Amino acid sequence: DRPFWIDRYEVTNEQFDRLNGAAVNPSNWTDPQRPREMVDWYEAHAFCQQRSARLPTEREWEYAARGPDGLIYPWGDEFVEDAATHQSNSGDETADIDSRPDNASWIGAPDMSGNVWEWVSTIYDTDERAAVFPYPYRADDGREDLGRTDVLRVLRGGGWRDDNTNLRAAARYRDDSLVNPTYMNNDIGFRCARDY
């Protein structure tokens, strides 16, 4: 319901280093065009702020991935084995950004499915609190409160370890231990967004 910009690509190691990103842990794979992983939510949030941007909201991320037609995958409604870097074809590692042909979303953003999960700004509800921030979304209900440190945050997009179920554009991380904002792993990265 509001226009926004979102990075075409996941933030790369080269961008993270060139723009002075700060993270406690080094990236597992250091090739310049690989997505920067091993960042927690706070580190991703700080990097986007440093660029005069922000993490996308979950609503924005999903719209960029699925489009007005509500596609199942960013490229369409059928799973295409080679369209994303995932469990069956990753060789147990990330790939350079934009290295899979025909996997871009309707806005031209590649890797919104596979390669690395992506942090978004949105608070993730556990089942016990589902009535507070239900999925799908309600606007302006407090789920974008960036000041809260007592909450879990959402990851979207699936990663190189995942099967096609987690590569669906509507998939979100559900394991509470893995969406703690201080959690980091070699299959979690991010992209930034900003208001239009």
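Caption draft 1: Quick peek at the state of the cysteines. Following the criterion strictly, the structure yields one disulfide and no others. There is a disulfide in this structure between Cys48 and Cys192, and the S-S distance comes to 2.1 Å. An S-S torsion of about -85° defines the bridge between Cys48 and Cys192 as left-handed. Taken as a pair, Cys48 in helix 2 (residues 41-50) and Cys192 in the loop between strand 4 (188-189) and strand 5 (193-195) lie far apart in primary sequence, 144 residues in all. We note that Cys48, like Cys192, is buried.

Caption draft 2: Region of the structure containing the nonpolar core. Core analysis: the biggest nonpolar cluster contains 16 residues, and Leu55, Trp119, Phe190 and Cys192 have the highest contact counts within it. Sorting the residues of this core by element identifies helix 2 and strand 2 (117-124) as the ones contributing at least two each. Top contributing element to this core by residue count: helix 2, with four residues.

Caption draft 3: Just a nonpolar patch on the surface, in detail. Together, Tyr63, Trp106 and Ile107 make up an exposed nonpolar region whose accessible area comes to about 300 Å². Topologically, Trp106 is positioned in the loop between helix 3 (58-66) and strand 2. A relative accessible area of 41% places Trp106 in the partly exposed class.

Caption draft 4: Examining the environment of Phe47 more closely. By secondary structure assignment, the location of Phe47 is in helix 2. Separated by 28 residues in the primary sequence, Phe47 and Leu19 have C-alpha atoms spaced 8.3 Å apart. The residues touching Phe47, leaving out its near neighbours within four places in the chain, are Val11, Gln15, Phe16, Leu19, Gly21, Phe190 and Cys192.

Rules and cut-offs
Residues numbered from 1 in each chain as written. Predicted model: local features only at pLDDT ≥ 70, side-chain atom pairs only at ≥ 80, totals over all residues. Heavy atoms only, no water. Disulfide = S-S within 2.5 Å. Helix = DSSP H or I, 4+ residues; strand = E, 2+ residues; numbered from the N terminus. Buried < 20%, exposed > 50% of the residue type's maximum accessible area, 1.4 Å probe, protein only. Core = buried A, V, L, I, M, F, W, Y, C linked by side-chain atoms within 4.5 Å. Patch = residues over 30% accessible without salt bridge, like charges linked within 9 Å, V, L, I, M, F, W, Y side chains within 5 Å. Areas by Shrake-Rupley, 256 points an atom, 1.4 Å probe, with all protein chains shown as cover. Salt bridge = Lys/Arg side-chain N within 4 Å of Asp/Glu carboxyl O. Contact = heavy atoms within 4.5 Å.

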